[in-house]
Amino acid sequence: MKMTLLDRSECFRGFLLLIGQDRRISPKERELLLDIGRMLDFERRFCEVSIDDLLENNHINSDPPVFSHSLIAESFLRDTVRIALVDDTIDPSELQWLVSIAKENGLGEEWLEGKIPGFRGNRHQGGSLFEIEKHI
């Protein structure tokens, strides 16, 4: 299943909003998002400005991203769990965000909660393949 341009945009926006849920952006989160932006073929400067302006920008659409296919949504959510765990914990606001994405994409809260335990101790490490990359 290949991502459309809209899927790629929703993916970047979804990751961007995820890292801003706890109102702080760690250096690891910033680097991960720059890697994702590159992978999704977005201009580096666009990604940097988006990250830098995230916490002050009130014009970013905060609706959960909706993808063209459930397989893309599943890959996106698996990657978001890994990214959320980069700082060793999932903030309650991050979890709420992930649940809303799962629900909007027809996966449900139970699907998501079933995935989280498997990712603890198996977090994203720099250089690892993002699951969404298989859809590009």
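Reference entry: report on the structure contained in this document. The structure displayed is predicted, hence computed values, not measured ones.

Basis of the calculations
Residues numbered from 1 in each chain as written. Predicted model: local features only at pLDDT ≥ 70, side-chain atom pairs only at ≥ 80, totals over all residues. Heavy atoms only, no water. Helix = DSSP H or I, 4+ residues; strand = E, 2+ residues; numbered from the N terminus. Buried < 20%, exposed > 50% of the residue type's maximum accessible area, 1.4 Å probe, protein only. Polar contact = N/O pair within 3.5 Å; in protein donor to acceptor, adjacent residues only side chain to side chain. Core = buried A, V, L, I, M, F, W, Y, C linked by side-chain atoms within 4.5 Å. Contact = heavy atoms within 4.5 Å. Phe/Tyr/Trp six-rings, centres within 6.5 Å; stacked < 30°, edge-to-face > 60°.

What follows concerns the side chain of D79. Looking at the element boundaries, D79 is found in helix 4 (residues 70-84). Residue class for D79 comes out buried when judged on its relative accessible area of 1%. At 2.9 Å, the side chain of D79 forms a polar contact with the backbone nitrogen of E131.

The next point concerns the nonpolar core. One finds L77 and L112 to be the most contacted residues of the largest nonpolar core, which totals 40 residues. Elements that contribute at least two residues to this core include exactly helix 1 (5-20), helix 2 (27-39), helix 3 (44-53), helix 4, helix 5 (92-104) and helix 6 (108-119). Beyond its immediate sequence surroundings of up to four residues, L112 is in contact with L77, V81, L95, L98, V99 and A102.

Within the structure shown, the criterion is met by five aromatic pairs. Ring centres of F12 and F42 lie 5.6 Å apart, and the angle between their planes is 45 degrees; this geometry places the pair in the tilted category. You can see F12 sitting in helix 1 and its partner F42 sitting in the loop between helix 2 and helix 3, a full 30 residues away along the chain. Look at F42 and you get buried, because its relative accessible area is 19%. Between F12 and F46, the ring centres sit 5.8 Å apart and the planes meet at 40 degrees, which makes this aromatic pair tilted. With a gap of 34 residues between them, F12 in helix 1 and F46 in helix 3 connect regions that are remote in the sequence. Judged by its relative accessible area of 3%, F12 falls in the buried class. On the accessibility criterion, F46 (43% relative accessible area) is partly exposed. Taken together, the ring pairs connect F12, F42 and F46 into an aromatic cluster.

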